Structures are given as C-alpha cells and as structure tokens.
Amino acid sequence: VATQSSGSSGINAEYGGCLLVNIGDMMQRWSNDSWTSTLHRVVSLSDASRTNNRRQSMAFFVNPGKNVMIECIGDYKREGEEAKYPAIRAENYILGKHFSTIPSIMKK
C-alpha cells in the first residue's frame, strides 16, 4: 500500500512486514480530525529484487448501522472547540460517499 501523509507531496510505498490499517473518513469525523484518513493506493512492485517476496493485500470494510449518528465524540473536542463536521446518519454518509463517485447521479 502506498500512502500520502498530510501536507506531503510524495507517496510512500515502503511498508514491509507489518499490518497497515487505514482508519477511513468516518473515524476522522468521529475524532474531529485527531485521527486522519490518508490518500492511499495498492501498488504492484515489479522490481526483480522483490519477486520472491510474498505480498497479500485484503480490503475489509466495517460500517455502523444505518441509523448510527456520525458526529464528533465529545472526548475529541477541546474546551471551547466546535465539531469540524456536521452530524449525519451513517446511511446518508455512506450513500453520499458512493454517489459522489458517480457525477451524473449528483447532478439530479
């Protein structure tokens, strides 16, 4: 997996011997940006020196129930700080994410 850190112009693809977890955008909203999701992609390394290395990539998505509210968890707001994102039902948030990938649906 190649990732791009916040404020970085490059993508880092050097993760070996580890389990990498992308927390995703929902956790970013729950944590008021304390934990951030990262731009990422899976890349195939065709370098001859890596041909004997086994790499396995598996996507696993977990979503809350459709009526769960996605809103900043109180412990993540400092005193006097407001939530950075408005509250939204999980169903609306997930559908919005899916529909945002299809521009013709968003125009209706």
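The rules behind each value
- Residues numbered from 1 in each chain as written.
- Predicted model: local features only at pLDDT ≥ 70, side-chain atom pairs only at ≥ 80, totals over all residues.
- Heavy atoms only, no water.
- Helix = DSSP H or I, 4+ residues; strand = E, 2+ residues; numbered from the N terminus.
- Buried < 20%, exposed > 50% of the residue type's maximum accessible area, 1.4 Å probe, protein only.
- Areas by Shrake-Rupley, 256 points an atom, 1.4 Å probe, with all protein chains shown as cover.
- Core = buried A, V, L, I, M, F, W, Y, C linked by side-chain atoms within 4.5 Å.
- Contact = heavy atoms within 4.5 Å.
- Lys, Arg positive; Asp, Glu negative; His and termini not counted.
- Salt bridge = Lys/Arg side-chain N within 4 Å of Asp/Glu carboxyl O.
- pLDDT = per-residue confidence, 0-100.

1. Quick notes on the overall build of the protein
- If you tally the helices and strands in the protein, you get 3 helices and 4 strands.
- Taken from the N to the C terminus, the helices and strands of the protein come in the order β-α-β-β-β-α-α.
- Counting the 108 residues in the protein, one finds 14% classified as buried.
- Of the roughly 8,800 Å² of accessible surface on the protein, a fraction of 52% belongs to carbon and sulfur atoms.

2. Some words on unusual backbone geometry
- For N32, which is not glycine, the phi dihedral falls at a positive 55°.
- With respect to the helices and strands, the residue N32 is situated in the loop between α1 (24-30) and β2 (39-41).
- On the basis of relative accessibility, which here comes to 3%, the residue N32 falls in the buried class.
- Although it is not a glycine, D33 sits at a positive phi angle of roughly 75°.

3. What about the nonpolar core?
- M26, W30, I70, A90, Y93 and I94 form the largest nonpolar core, which has 6 residues in total.
- Counting only elements with at least two residues in this core, the list comes to α1 and α2 (90-99).
- For this core, the element with the most residues is α2, which contributes 3 residues.
- Beyond its immediate sequence surroundings of up to four residues, A90 is in contact with P64, G65, K66, V68 and I70.

4. A word on the side chain of R29
- Its place among the elements puts R29 in helix α1.
- The side chain of R29 sits in the buried core without any salt bridge; D25 is the nearest counter-charge, 8.1 Å away.
- If we ignore the near neighbours within four places in the chain, the residues touching R29 are I70, E71, C72, Y85, P86, I88 and Y93.

5. Looking at the pattern of salt bridges
- Throughout the structure, instances matching the rule amount to 4 salt bridges.
- The shortest N-O distance in the salt bridge between K97 and D25 comes to 2.4 Å. Placement of the pair is K97 in helix α2 and D25 in helix α1, with a sequence separation of 72 residues.
- On the accessibility criterion, D25 (31% relative accessible area) is partly exposed.
- Between R89 and E91 there is a salt bridge; the shortest N-O distance is 2.6 Å.

6. Comments concerning the confidence of the model for the protein
- Summary statistics for the protein give a mean pLDDT of 77 and a share of 61% for residues scoring 70 or more.
- By mean pLDDT, the top-scoring element of the protein is strand β4 (residues 88-89) (96), and the lowest-scoring one is strand β1 (residues 2-4) (61).

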